[in-house]
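Chain by chain, the residues:
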Amino acid sequence: MADDKKLTPRAKDFSAWYNETVLRAELADYSPVRGCMVIRPRGYGIWERMQRQLDFMFKDTGHQNAYFPLFIPQSFLAKEAEHVQGFAPETAVVTIGGGKELEEPLVVRPTSETIIYAMFSKWIQSYRDLPLLINQWANVVRWEMRTRLFLRTLEFLWQEGHTAHATEQEAEEEARRMLGVYRDFMEGWMAMPVITGIKTDAEKFAGALRTFACEAMMQDNKALQAGTSHNLGQNFSKAFDVKFQTEAGGTEYAWNTSWGVSTRLVGGLVMTHGDDFGLQVPPFLAPIELVVVPIWRSEREKSRVLETAREIVATLSAWERRKTGKLRVHLDDREGMKPGAKYYEWEMRGVPVRMEFGPRDLDSNQAVLVRRDNRVKRTVTLDSIGEDVADLLSIIQTDMRVNAFERREANSIREEITYDRFREVMEGNGGFVYAGWCGSTECEAAVKEETKATIRLLPDEEFRSAEAPTRCLKCGSTARFEALWAKAY
RNA sequence: CGGGGCGUAGCGUAGCCCGGUAUCGCGCCUGCUUUGGGAGCAGGAGAUCGCUGGUUCAAAUCCAGUCGCCCCGACCA
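What you see is a predicted model; the values in this text were computed from it and never measured.

A separate point is the overall build of chain A. Helices and strands together make up the secondary structure of chain A, namely 14 helices and 25 strands. For 489 residues, the compact-globule formula gives about 23 Å, and the C-alpha radius of gyration of chain A, at 25 Å, lands near that figure. A principal-axis box enclosing the C-alpha atoms of chain A has dimensions of 80 × 55 × 50 Å. Once local pairs closer than 6 in sequence are excluded, the contacts in chain A between residues at least 24 apart make up 68%.

What follows deals with the sheet that holds strand β23 (residues 432-437). In space, the 11 strands of this open sheet follow the order β3-β7-β8-β14-β11-β10-β9-β24-β25-β23-β22, with mixed pairing throughout. Every interior strand has two partners, whereas the edge strands, β3 (64-65) and β22 (412-413), have only one. Taken together, the 3 bridges between strand β24 (residues 454-459) and strand β25 (residues 481-486) define a ladder with antiparallel strand orientation. Residue pairing across strands places leucine 457 opposite leucine 484, the latter belonging to β25.

With that settled, the discussion passes to the protein's contact with RNA strand B. Around RNA strand B, a shell composed of 46 residues is seen, among which Arg34, Lys338, Gly340, Gly358 and Arg360 lie nearest. Secondary structure elements with two or more residues in the surface near RNA strand B: α1 (14-24), β11 (223-233), α10 (339-349), α11 (359-363) and β20 (366-371). The leading source of residues in the surface near RNA strand B is α10, at 7 residues. The residue inventory of the surface near RNA strand B, partitioned by class, reads 16 nonpolar, 9 polar and 21 charged.

Along helix α13 (residues 419-427), the residues that are buried comprise Phe422, Val425 and Met426. Projected down its long axis, α13 carries its buried residues within an arc of 95°, all on one side. Turned more than 90 degrees away from the buried face of α13 sit Asp420 and Glu427, all of them exposed.

With that out of the way, let us pick up the sheet that holds strand β15 (residues 290-294). Ordered in space as β18-β15-β19-β20-β21, the 5 strands form an open sheet in which the pairing is mixed. Among the strands making up the open sheet, the edge pair consists of β18 (329-331) and β21 (377-381). Pairs of neighbouring strands in the sheet enclose a mean axial angle of 25°, with direction left out of account. In the packing of helix α9 (residues 299-317) onto the sheet, contacts are made with β15, β18 and β19 (353-357), and the angle to β15 comes to roughly 170°. On the sheet, α10 packs against β15 and β19 and is oriented at approximately 170° with respect to β15.

Its 20 residues give helix α2 (residues 41-60) an end-to-end C-alpha distance of 28 Å, which sits within 8% of 28 Å, the value for a rise of 1.5 Å per residue. Burial in α2 covers these residues: Gly43, Ile46, Trp47, Met50, Leu54 and Phe58. Projected onto a plane normal to the axis of α2, the buried residues spread over an arc of 110° and lie on a single side. Those residues of α2 that are exposed and angled more than 90 degrees off the buried face are Pro41, Arg52, Phe56, Lys59 and Asp60. Just downstream of α2 lies glycine 62, where phi reads positive at about 90°.

Scoring rules and cut-offs
Residues numbered from 1 in each chain as written. Chains lettered and ligands numbered in written order. Predicted model: local features only at pLDDT ≥ 70, side-chain atom pairs only at ≥ 80, totals over all residues. Helix = DSSP H or I, 4+ residues; strand = E, 2+ residues; numbered from the N terminus. Rg over C-alpha atoms; globule rule 2.2 N^0.38 Å. Contact = placed C-beta atoms within 7 Å. Pairing = 2+ DSSP bridges. Near = placed C-beta within 6 Å. Nonpolar A, V, L, I, M, F, W, Y, C, P; charged D, E, K, R; others polar. Buried ≥ 20, exposed ≤ 12 C-beta atoms within 10 Å, placed from the backbone. Arc of directions from axis to C-beta. Axes fitted to C-alpha atoms, helices over the stretch in contact; angles between N-to-C directions. Expected span 1.5 Å × (residues − 1).

And the structure:
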């Protein structure tokens, strides 16, 4: 970076800013393998907290973790027609094992529906075995042509839930329920507001009946598909013969769902909250919530300041909160580094609150708290430091979500607009446009072709406009749906 | 796979047109002085210039090939 210590202003080149933020905050690095990414300890620390919370939420909804093989016989993929069509072009295939050509090539899983439903058919006999609620944490491989750190890598780490149910309605409810869990996590923990809804046929998962999704707006006004949940109907259970005996004594195919989120969420976090100073991590997910930077001007001051600083850190580290546990505090007592340098470094890493503590504070029994999000400084007394820090953190968590929400709404268009105007918007700053759609694949494809914008989803009722659009954005005929149009990652 | 750009120390680069084994900054190591917004001085370590071949007395530099990366498209979470 040489002398240029500031990050690239994101307005100029968002993509370069994103890359640099991720690399400089040491979240990830390029690997020697093209298109693959190494997640470094700092990036994993954030992901780990996400994973822990998600895992808790899955257990809370009755799901159990299991682990299925990395390799899938090639023929398995072919059993579901749409599925193989969707995934075959982007699979990595193993043809040699132990130095010998394999009789049947093995596909490195791009997703695990096929191998999991093959097992489900052995495990499910009766309606009493249902619902079967399974989750797997695993890495998968999709041979993408172009990759970006966290957002699209050849190999990525994710969570995939797979469930089997006795009725169609139950499967639909499950797919919806898990979409709600994702939404709660993204908004509550990541402070990243999302729009939920249903995907069009062109965008749905290969092999699904219906795909639901959460779409978030990044700071370049592009949409990020942050999580998906699929109602698979009986497509896979028919392909893999997942049958069960009903209470009445007949035989039925099971109804399946699958749903997943990936380390892409870390990319979403960076692109939602990052700024020109670097990363910004919401308190709930921050591996370090508060960093204490001690300041001294002499050896004598140093020992006095450090001694008290250590006491403060000890007190704060023991501070227990109801929902989010103990305060995660770090004392930066590195020597030979000026306080200012430490400030910039922790700001770049996104630690939500910094405490400056020097001789002047020591003498007056106080400390200075600085928020990462708006860099506002406040002097507080040490007597109530625990409450003050905990309160500030929860305020920041809320403010980050509200700011992201307001930014999204400020860049959304809900008035009925002409197609020419729409094209202008997409060529300019972009954004979320809620507009009518006649329901034809032709209109959808034409808009994509001409503007690069796609229907991200047909929003759920609570996200729809007060006045439903009347005409299709593209052809002008009667609108059958309200669609969310945007350019996407 | 098309179009553009780039490979020189851990990172970022100068030098290339006009051949003579390498510039500067950050970082790193040692010492002293520093520390309320990115420290200063002194000393030091670190590069077979992506790889292969060719031209030449001599190649980072010229020529050919090759590999890799980044950006823009097509594909996609």
